[in-house]
Amino acid sequence: MIGAFTALAAQFPPPESARDDGLLCLGGDLRPERLLAAYSRGIFPWYSIGMPILWWSPDPRCVMPLEEFRLPSRSARKLRLHPFALTHNAAFGRVIRACAAPREKADGTWILDEMMRAYEKLHALGYAHSIEAWRDGELVGGLYGVALGRAFFGESMFHTQPEASRAALAGLVGLLRQRGATLLDCQQETPHIMRMGGVMLPRAVFMRELESALRLEATTKNAAHKGAAFAAAGDGPFPWSPWAETYDYSSEAGCWAARS
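Bear in mind the structure is a predicted one, so any value in this text is a computation, not a measurement.

(A) Seen up close, the overall build of the protein chain. Scanning the protein chain for helices and strands turns up ten helices and twelve strands. Residues classed as buried in the protein chain amount to 51% of the 260 residues present. The long-range share in the protein chain, meaning contacts at least 24 apart out of those at least 6 apart in sequence, stands at 71%. Counting only carbon and sulfur atoms, one obtains 54% of the accessible surface of the protein chain, whose full area is about 12300 Å².

Below, the structure written as structure tokens:
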């Protein structure tokens, strides 16, 4: 099974052969094994309705160094005074649909129906995850992405109340630190990300960091997460175990606790 996955990953062109705008190739499908093969090589899909599937490997690449993350002082102050309740994987489908919803000053969405279905399959296998921000029982912000080994690939975020997406990102950073992750890929540069500590890495540097993050499971403890979720993924079809736990954020303890 692992050999078949490796062969599938090898079907992608070398990332360094991408065009100047980051476009690497087109075509294929969005089945879980192809998506994970792409992410393992630093490649992600991004396209619009009426287009074939486009696969990208930008150079430079936007990442968020986990130890350099910082909230703008004004945001940090607001979140201290009026915190959101944070959860992990409590409403993945709602988060991805909210991320796909039309936005002001945006031309349509790249999160098409087939994209949502594909990432929901990854979520069911334990490889796609969401962080939700709640206020008074209402989902008001969140984000989703893909986790492989010690790497997390952020895909999209949304908010319907000010600071909710920043709260979700801060929560994700805290959870990744707690799990021993080393790489948070943001894919594209945005003012929002750069204000919080994002940096641009040359592709060669990004690929070295990605290879390191994928080499080992996050921690010895997390290697034990394989359990039932790993078996549910097909008794080990991929080189990395999925997350077998979900979490809720404890503001009192200042950390994430596994949900019972």
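The rest of the description comes next.
(B) Representation of unusual backbone geometry. Between D59 and the following residue, P60, the backbone shows a cis peptide bond with an omega angle of 5°. Residue placement: P60 occurs in the loop between β3 (54–56) and β4 (61–63). Of note, E163 is a non-glycine position whose phi angle comes to about 80°, a positive value. The exposure class assigned to E163 is buried, which follows from its relative accessible area of 13%. Phi is positive for Q187, close to 65°, though the residue is something other than glycine. As for its placement among the helices and strands, Q187 is situated in strand β9 (residues 183–187). Given a relative accessible area of 6%, Q187 falls into the buried group.

(C) Local environment of the packing of helix α4 (residues 92–100) against helix α5 (residues 113–125). Between α4 and α5, the least distance of the axes is 10 Å, while the angle of their chain directions is 150°. Classified by the angle between their axes, α4 and α5 sit roughly antiparallel to one another. You can see that α4 and α5 cross each other, and the crossing is right-handed. Together, F92, G93, I96, R97 and A100 of α4 and M116, Y119, E120 and H123 of α5 make up the contact between the two elements.

(D) Examining the packing of aromatic side chains more closely. With the rule as written, the count across this model stands at ten aromatic pairs. An angle of 80° between the planes, with centres 5.8 Å apart, marks the rings of F5 and W240 as edge-to-face. Within this pair, whereas F5 is found in helix α1 (residues 2–9), its partner W240 is found in the loop between α10 (227–232) and β11 (247–250), the two being separated by 235 residues in sequence. Comparing F5 with W240, the two get one shared label, buried. Considering the side-chain rings of F152 and W243, the 6.5 Å spacing of their centres and the 40° angle between planes classify their relative orientation as tilted. Here F152, found in strand β8 (residues 151–159), pairs with W243, found in the loop between α10 and β11; they are 91 residues apart in sequence, far enough to count as distant. For F152, a relative accessible area of 1% corresponds to the buried category. Here the aromatic cluster, defined as three or more aromatic residues joined through ring pairs, consists of F5, Y127, F238 and W240. When the ring centre of F84 is taken as reference, the NZ or CZ atom of R135 above it lies at 3.8 Å. Its end group placed over the ring of W243, R179 keeps NZ or CZ at 4.0 Å from the ring centre.

(E) Looking closely at the pairing of strand β6 (residues 128–135). Of all eight residues in β6, seven are buried, a share of seventy percent or more. Inspection of the sheet shows strand β5 (residues 85–88) paired to β6 by four bridges, in the antiparallel sense. Of the residues in β6, the one forming a bridge with H88 is I131. Where β6 folds back onto strand β7 (residues 138–148) in an antiparallel hairpin, the turn is made up of two residues, including D136, whose phi is positive at roughly 55°.

(F) Geometry of the pattern of salt bridges. Going through the model one piece at a time under the given rule, you end up with ten salt bridges. Here R34 ties to D29 by a salt bridge, and the two come within 3.0 Å at their closest N and O atoms. With a relative accessible area of 12%, R34 lands in the buried category. By relative accessible area, which is 25% here, D29 ends up partly exposed. The salt bridge involving R31 is made with E33; its shortest N-O contact spans 3.0 Å.

(G) Summary view of the environment of P60. Under the relative-accessibility criterion, P60 is labelled partly exposed at 39%. Once residues within four sequence positions are removed from consideration, P60 is found in contact with M200, L201 and P202.

(H) Molecular detail of the sheet that holds β3. Ordered by their spatial adjacency, three strands build an open sheet running β1-β3-β2, and the pairing between neighbours is antiparallel. A single partner strand is all that each edge strand has here, and the edge strands are β1 (23–26) and β2 (44–45). In the sheet, β2 pairs with β3 via two bridges, with the strands oriented antiparallel. Considered in β3, the bridge of F44 is made with W56.

What counts and what doesn't
- Residues numbered from 1 in each chain as written.
- Predicted model: local features only at pLDDT ≥ 70, side-chain atom pairs only at ≥ 80, totals over all residues.
- Heavy atoms only, no water.
- Helix = DSSP H or I, 4+ residues; strand = E, 2+ residues; numbered from the N terminus.
- Buried < 20%, exposed > 50% of the residue type's maximum accessible area, 1.4 Å probe, protein only.
- Contact = heavy atoms within 4.5 Å.
- Areas by Shrake-Rupley, 256 points an atom, 1.4 Å probe, with all protein chains shown as cover.
- Axes fitted to C-alpha atoms, helices over the stretch in contact; angles between N-to-C directions.
- Parallel < 35°, antiparallel > 145°, perpendicular 65-115°, else oblique.
- Left-handed = near helix turned anticlockwise from the far one by under 90°.
- Phe/Tyr/Trp six-rings, centres within 6.5 Å; stacked < 30°, edge-to-face > 60°.
- Lys NZ or Arg CZ within 6 Å of the ring centre and 35° of its normal.
- Pairing = 2+ DSSP bridges.
- Salt bridge = Lys/Arg side-chain N within 4 Å of Asp/Glu carboxyl O.

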